[in-house]
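# Working through the structure, step by step
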Amino acid sequence: MRSLAFLGALTGLCACQMSAPLQQSAEEVARGQAKTVVNTVVESKMPGLNAAPVTDCIIDNASMNEVFTIAKAAVTGIDDSTVSTVMDVAKRPDTVTCIAKNKLGLN
């Protein structure tokens, strides 16, 4: 039930024009939910890497539309489309540079 309420609230917030503080709050919630999803995908698709910094780089280089799309998977479940979105963002030059700058090592 809580998940459905979150999804409804997130959809409602995205569909209407929001004030700056409300929009910032919605974005922060979505980023938090998206991080959970991205972390799961990174751990699955990139075993042996420290997932947290990779996740941060992916979230930081995703558009807000992508963040909201990924965040929905926290409620609906991770599917092939979610994995594809995460991996597409992971392959972007700025994301790869971010990961390299963090000097990620193997666990």
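Please refer to the structure higher up on the page.
Every chain is numbered on its own, with residues counted from 1 as its sequence reads. It should be noted that, the model being predicted, local features are given only for residues of pLDDT at least 70 and side-chain atom pairs only at 80 or more, the latter also being counted only at that level, while totals for whole chains, interfaces and linings use all residues. Each side-chain value is worked out from all heavy atoms of the structure, with water and hydrogens disregarded.

## As for the packing of helix α3 (residues 51-61) against helix α6 (residues 93-101)
Describing two packed helices takes the angle between their axes plus the distance from one axis to the other. Axis definition: a line fitted to C-alpha atoms, over the contacting stretch in the case of helices. Angles run 0 to 180 degrees between N-to-C directions. Here a strand is any run of E in DSSP of at least two residues, a helix any run of H or I of at least four, and the numbering for each starts at the N terminus. Close contact between α3 and α6 brings their axes to 9 Å; oriented N to C, the two are set at 150°. As the angle between them shows, α3 and α6 are arranged roughly antiparallel. Handedness of the crossing formed by α3 with α6: right-handed. Across the interface between the two elements, V54, C57, I58 and N61 from α3 touch D94, T95, C98 and I99 from α6. By residue class, the composition of the contact of α3 with α6 is five nonpolar, two polar and one charged. These descriptions rest on fixed angle ranges, namely under 35 degrees for roughly parallel, over 145 for roughly antiparallel, 65 to 115 for roughly perpendicular, and the rest for oblique. Note on convention: the crossing is left-handed when the near helix lies turned anticlockwise from the far helix by less than a right angle, right-handed when the turn is clockwise. Two residues form a contact once any of their heavy atoms are found within 4.5 Å. For this scheme, ten residues count as nonpolar: Ala, Val, Leu, Ile, Met, Phe, Trp, Tyr, Cys and Pro. Four count as charged, namely Asp, Glu, Lys and Arg, and the remainder, Gly too, count as polar.

## Comments concerning the environment of A100
Among the structural elements, A100 can be located in helix α6. Here the alpha-carbon distance between A100 and V54, two residues 46 residues apart in the chain, equals 9.5 Å.

## Description of the pattern of salt bridges
Once the charged atoms of two side chains with opposite charge are near each other, the side chains can pair. Salt bridges are identified by distance alone: a Lys or Arg side-chain nitrogen within 4 Å of an Asp or Glu carboxyl oxygen. Following the criterion strictly, the structure yields three salt bridges and no others. Where E66 meets R92, a salt bridge forms, and the shortest distance between an N and an O atom there is 2.4 Å. Pair noted here: E66 is in helix α4 (residues 64-76) and R92 is in the loop between α5 (80-90) and α6, with a separation of 26 residues, a long-range link. Residue exposure (1.4 Å probe, protein chains only): buried if accessible area is under 20% of the type maximum, exposed if over 50%, otherwise partly exposed. A residue is classified by how much of its surface remains accessible, and E66, at 18% relative accessible area, is buried. You can call R92 partly exposed: its relative accessible area is 29%.

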